[in-house]
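Listed below are the residues making up each chain.
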Amino acid sequence: MTEISSAVKAPRLSIENFRGDFTQLASLMQSSWAENSGQALLYTSEFLSSCFQYPEADFSLAPAIYVQSKPVAFVAGFPRHVKFNGSEQKIIVITFLTVLPEYKKKGLGIILWSELVNRARAAGFDGMMNYCVDGEPMNAMIAGSCNRLKLPIARIFSARYMSIVLRSDDQSEGLNKNNQQAVDIFLELAAPFADSQPLARIWSKPEAEWQCARRSEPIVETFSAAGRSGLLTGYIMPISDKQRTRCLLIEDILWGTLTVEERQPLLRKFLQKAAGAGVRLATVPVLGYAAMEPFKKARFQSTRRVLHAYLTLWSAGHADLPSEPLSSMYLDIF
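Residues numbered from 1 in each chain as written. Predicted model: local features only at pLDDT ≥ 70, side-chain atom pairs only at ≥ 80, totals over all residues. Heavy atoms only, no water.

Q: Please explain the overall build of the protein chain as it appears in this structure.
A: Check the secondary structure of the protein chain and you find 9 helices and 13 strands. Relative to the globule expectation of 20 Å for 334 residues, the C-alpha radius of gyration of the protein chain, 20 Å, shows essentially globular dimensions. Expressed as lengths along the three principal axes of its C-alpha atoms, the size of the protein chain is roughly 65 × 45 × 35 Å. Among the 334 residues that make up the protein chain, the fraction classed as buried is 56%. Long-range pairs, those at least 24 residues apart, make up 75% of the contacts in the protein chain between residues at least 6 apart in sequence. Here the protein chain has roughly 15,300 Å² of accessible surface; of this, 48% comes from carbon and sulfur atoms. The average position of the 36 basic charges and that of the 32 acidic charges among the side chains of the protein chain differ by 5 Å. (Helix = DSSP H or I, 4+ residues; strand = E, 2+ residues; numbered from the N terminus. Rg over C-alpha atoms; globule rule 2.2 N^0.38 Å. Buried < 20%, exposed > 50% of the residue type's maximum accessible area, 1.4 Å probe, protein only. Contact = heavy atoms within 4.5 Å. Areas by Shrake-Rupley, 256 points an atom, 1.4 Å probe, with all protein chains shown as cover. Lys, Arg positive; Asp, Glu negative; His and termini not counted. Charge placed at Lys NZ, Arg CZ, Asp CG, Glu CD.)

What follows is the structure, encoded as structure tokens:
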């Protein structure tokens, strides 16, 4: 355990690995993010547990602060293999930075984030990705903390979103049906992005299996015609509203070899499957690696949400990172 400086106004707090108490973690997140101005997603214990079933995920990359066996602050980093500027890198995506309301404004967030950065460097990772909602104080905190640690940082992309309200569909079907069989198609269709995108995720088979079949409430749909194929992935999460509205977060847009006309039925089948599972809202980030015209034809509308992506590579200098945002990237954002 790492003892926290006495400068922090809290009684003898210490940093340790997350203990795996997902119900308590979900409660922490719900209490903390209830103060946010925007409508937050509802991070359940089942969803959080699923995240740590991702290949190579580890509690050592999830430092937490406990008080009397109760987590009061938490952050996590999840491993991703990417190709950037022609070379492969192993990075962590930092997420879930959370502090209980009564412990906020004591510097615990910065302390935990810095601890995770140090752990990732010691574990042999090449860098990290941080995501911050436009206009939130987190943007300045990440930039300032990197400067304090003398780490290069670049805002490499700003993602906008599109969304649609889905109509009710009583024809429910199993979400995991044929998902396992889709893994090989997924790997084949995702592979070309490593060479066509300035920054792209590189998948292993266990990672693809988690993405398509093992994660919490995945949705996968494929479409084939005359030897051509395409695939879409996403997952379902409830929104933290009174109705617990079910939301589809669309992730991988793999049009593959489908013609322009064949993309629309793939998207239609995908959304029908989601509606059958009780989804009422679908949202998709615009990352530039895939054509978005099918979503526009399906009447997805642009939203005001913007998420900034900040890349840091330990061994790089500021000159090695892009001075301007990338035109596109293929990497999950959350």
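Q: Explanation requested: the pattern of salt bridges in the structure shown.
A: Opposite charge on two side chains allows them to pair when their charged atoms are near. For the structure shown, the criterion picks out 12 salt bridges. For Lys 205, the salt bridge goes to Asp 184, with nearest N and O atoms at 3.7 Å. With Lys 205 in helix H7 (residues 205-214) and Asp 184 in helix H5 (residues 182-190), this pair connects stretches of sequence that are 21 residues apart. A relative accessible area of 48% means that Asp 184 is categorised as partly exposed. A cluster of three or more residues bridged by salt bridges with shared partners is formed by Arg 80, Arg 201 and Asp 332. (Salt bridge = Lys/Arg side-chain N within 4 Å of Asp/Glu carboxyl O.)

Q: Could you clarify how one ought to interpret helix H1 (residues 22-33) in this entry?
A: Think of an α-helix as 3.6 residues a turn; residues three or four steps apart then line up on the same face. Across its 12 residues, H1 extends 16 Å between first and last C-alpha, which sits within 8% of the 16 Å expected from 1.5 Å per residue. Those residues of H1 not exposed but buried are Phe 22, Leu 25, Ala 26, Leu 28, Met 29, Ser 32 and Trp 33. Seen end-on, H1 carries its buried residues on one side only, within an arc spanning 160 degrees. For H1, the secondary structure elements touched by its buried residues are helix H2 (45-51), strand E4 (70-84) and strand E5 (87-99). (Expected span 1.5 Å × (residues − 1). Arc of directions from axis to C-beta.)

Q: Is there a simple way to explain the packing of H5 against H7 in this structure?
A: At their nearest, the axes of H5 and H7 sit 9 Å apart, and the two run at 115 degrees to each other. Between H5 and H7 lies a crossing whose hand is right-handed. Facing Val 183, Asp 184, Phe 186 and Leu 187 of H5, the residues of H7 in contact are Lys 205, Ala 208, Glu 209, Gln 211 and Cys 212. (Axes fitted to C-alpha atoms, helices over the stretch in contact; angles between N-to-C directions. Left-handed = near helix turned anticlockwise from the far one by under 90°.)

Q: Honestly, the packing of aromatic side chains in this entry has me stumped. Any pointers?
A: How two aromatic rings sit relative to each other is given by the distance of their centres and the angle of their planes. Following the criterion strictly, the structure yields 21 aromatic pairs and no others. Ring geometry for Phe 78 against Phe 96: centres 6.0 Å apart, planes inclined by 80 degrees, an arrangement best described as edge-to-face. You can see Phe 78 sitting in strand E4 and its partner Phe 96 sitting in strand E5, a full 18 residues away along the chain. One exposure class covers both Phe 78 and Phe 96, and it is buried. Where Phe 193 meets Tyr 330, the ring centres are 4.7 Å apart and the plane angle is 45 degrees; that geometry is what we call tilted. (Phe/Tyr/Trp six-rings, centres within 6.5 Å; stacked < 30°, edge-to-face > 60°.)

Q: What is the right way to look at the nonpolar core in this model?
A: It is characteristic of soluble globular proteins that their nonpolar side chains tend to be buried jointly. Residues Met 129, Ile 156, Ile 253 and Phe 295 are the most contacted members of the largest nonpolar core, which totals 65 residues. Counting residues per element, this core draws most heavily on strand E7 (residues 154-165), at 7 residues. Ile 253 has contacts with Phe 193, Leu 231, Leu 232, Val 284, Tyr 289, Ala 290, Met 292 and Phe 295, leaving out every residue within four places of it along the chain. (Core = buried A, V, L, I, M, F, W, Y, C linked by side-chain atoms within 4.5 Å.)

Q: Help me understand empty space enclosed by the protein in this model?
A: In this approach a probe as big as a water molecule rolls over the atoms, and the regions it shows empty are the leftover space. Under the definition given, this model contains 1 cavity of 30 Å³ or more. Put simply, the largest cavity is a space of about 120 Å³. Along the walls of the largest cavity sit 13 residues, with Cys 51, Arg 80, Trp 210, Arg 215 and Phe 334 positioned nearest its centre. Elements that contribute at least two residues to the lining of the largest cavity include exactly H2, E4 and H7. (1 Å grid on protein atoms, 1.4 Å probe; cavity = no way out; pocket = protein on both sides within 12 Å on 5 of 7 lines; lining within 4 Å. Points joined across faces, edges and corners; volume = space filled by probe spheres on them.)

Q: What's the story with the layout of surface pockets in this structure? I'm lost.
A: Taken as a whole, the second largest pocket encloses approximately 360 Å³ of empty space. What lines the second largest pocket is a set of 14 residues, among which Leu 166, Arg 167, Arg 268, Leu 271 and Gln 272 lie closest to the centre. If you list the elements that add at least two residues to the lining of the second largest pocket, you get E7 and helix H8 (260-276). For the lining of the second largest pocket, the leading source of residues is H8, giving 6 residues. Class assignment of the residues belonging to the lining of the second largest pocket gives a composition of 7 nonpolar, 3 polar and 4 charged. (Nonpolar A, V, L, I, M, F, W, Y, C, P; charged D, E, K, R; others polar.)

It is worth stressing that arrangement in space is one thing and function is another; only the former is reported here.
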